[in-house]
Amino acid sequence: MLTASGMRQHYLLGAYVRDQYINKTHLLSPSYNANEFYVQSTQVPRTIQSAEAQVLGIYPLGTTKKLEPKQVKKAVPNIKIDDLEKIQKELGLDAIIDGFQPIPVHNYNIDSEDEVLGYANCPLLVKDYETRLLNDTFWKEFDEYYGPRIYQKLA
């Protein structure tokens, strides 16, 4: 399970992404658009939670599209719901409480390296990946540079 600290970190990363890609550069729409934004994670619960927390930072509560007033009555399932009027009043024009926007986190099979890489059909990138993977000097420099920084953040 993802820790509360991890959730906070991912939420703040998402807020940073929102600021960069939505507020400053306008590369993404302010409300979730499935044609612009795709989230992928492993099937490990912690990584799914990480993705969900980060996405909530990108598309926080209240950023979903609202219902049109004429849609409010149509958006009720054909079942008896106790306190329907109270719930409808709490929702207002939000589809879900507080304007929450569910965004799909797609999972892939962790055994499928081609899917993980995302560029398995590009010979140049595959060669670069394999070169780095097998390069002891690269990993030594990586560890020397990032190791202390990671430890400092975790300690």
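Right above here is the structure, for reference.
Numbers given for residues are sequential positions, taken from 1 along each chain in its written order. The predicted origin of the model limits local features to residues at a pLDDT of at least 70 and limits the giving and counting of side-chain atom pairs to 80 or more, whereas totals for whole chains, interfaces and linings rest on all residues. Excluded from the side-chain calculation are hydrogens and water; included are all heavy atoms of the structure.

A. Local environment of unusual backbone geometry. Backbone geometry places Asp83, a non-glycine residue, at a positive phi of 60°. Residue position: Asp83 is located in the loop between helix 2 (45-58) and helix 3 (84-91). Burial here depends on accessible area, computed with a 1.4 Å probe over protein chains only, as a share of the maximum for the residue type. Under 20% is buried, over 50% is exposed, and the range in between is partly exposed. Taking the relative accessible area as the measure of exposure, Asp83 reaches 54% and is therefore exposed. Although it is not a glycine, Asp98 sits at a positive phi angle of roughly 65°. As for its position among the elements, Asp98 is in the loop between helix 3 and strand 2 (105-107). Numbering of helices and strands runs from the N terminus; a helix is a DSSP stretch of H or I covering at least four residues, while a strand is a stretch of E covering at least two.

B. Representation of the pattern of salt bridges in the model. Salt bridges are defined by distance alone: a side-chain nitrogen of Lys or Arg within 4 Å of a carboxyl oxygen of Asp or Glu. Applying the stated criterion to the full structure yields four salt bridges. A salt bridge links Lys80 to Asp82, with the nearest nitrogen and oxygen atoms 2.7 Å apart. For Lys80, a relative accessible area of 73% translates into the label exposed. Using a relative accessible area of 55% as the deciding quantity, one classes Asp82 as exposed.

C. Seen up close, helix 1 (residues 4-24). One less than the residue count of a helix, multiplied by 1.5 Å, gives the span that helix is expected to have. Here helix 1 contains 21 residues, and its C-alpha end-to-end distance of 29 Å stays within 8% of the 30 Å for a straight helix at 1.5 Å per residue. Among the residues of helix 1, those classed as buried are Gly6, Gly14, Val17, Arg18 and Ile22. Just downstream of helix 1 lies His26, where phi reads positive at about 55°.

D. Examining the nonpolar core more closely. In this text, buried Ala, Val, Leu, Ile, Met, Phe, Trp, Tyr and Cys residues form a nonpolar core when linked through side-chain atoms within 4.5 Å. Residues Phe37, Val39, Ile58, Tyr59 and Ile103 are the most contacted members of the largest nonpolar core, which totals 13 residues. Secondary structure elements with two or more residues in this core: helix 1 and helix 2. Ranked by residues supplied to this core, first place goes to helix 2 with four residues. Once you skip the residues sitting within four places of it in the chain, Ile58 turns out to touch Gly14, Ala15, Val17, Arg18, Ile22 and Phe37. For this analysis, residues touch if any pair of their heavy atoms sits within 4.5 Å.

E. Spatial organisation of the side chain of Gln49. With respect to the helices and strands, the residue Gln49 is situated in helix 2. Setting aside chain neighbours within four positions, we find Gln49 in contact with Met1, Leu2 and Met7.

F. Summary view of the packing of aromatic side chains. Any pair of Phe, Tyr and Trp rings, taking the six-membered ring for Trp, is counted once the centres come within 6.5 Å. Such a pair is stacked with planes under 30 degrees apart, edge-to-face with planes over 60 apart, and tilted for the rest. The tally for this structure, following the rule as stated, stands at four aromatic pairs. Between Tyr32 and Tyr59, the aromatic rings sit 6.1 Å apart at their centres with planes inclined by 80°, giving edge-to-face as the arrangement. You can see Tyr32 sitting in the loop between helix 1 and strand 1 (39-41) and its partner Tyr59 sitting in the loop between helix 2 and helix 3, a full 27 residues away along the chain. For the pair Tyr32 and Tyr59, one class covers both residues: buried. An aromatic cluster is defined as three or more aromatic residues linked by ring pairs; in this entry it consists of Tyr32, Phe37 and Tyr59.

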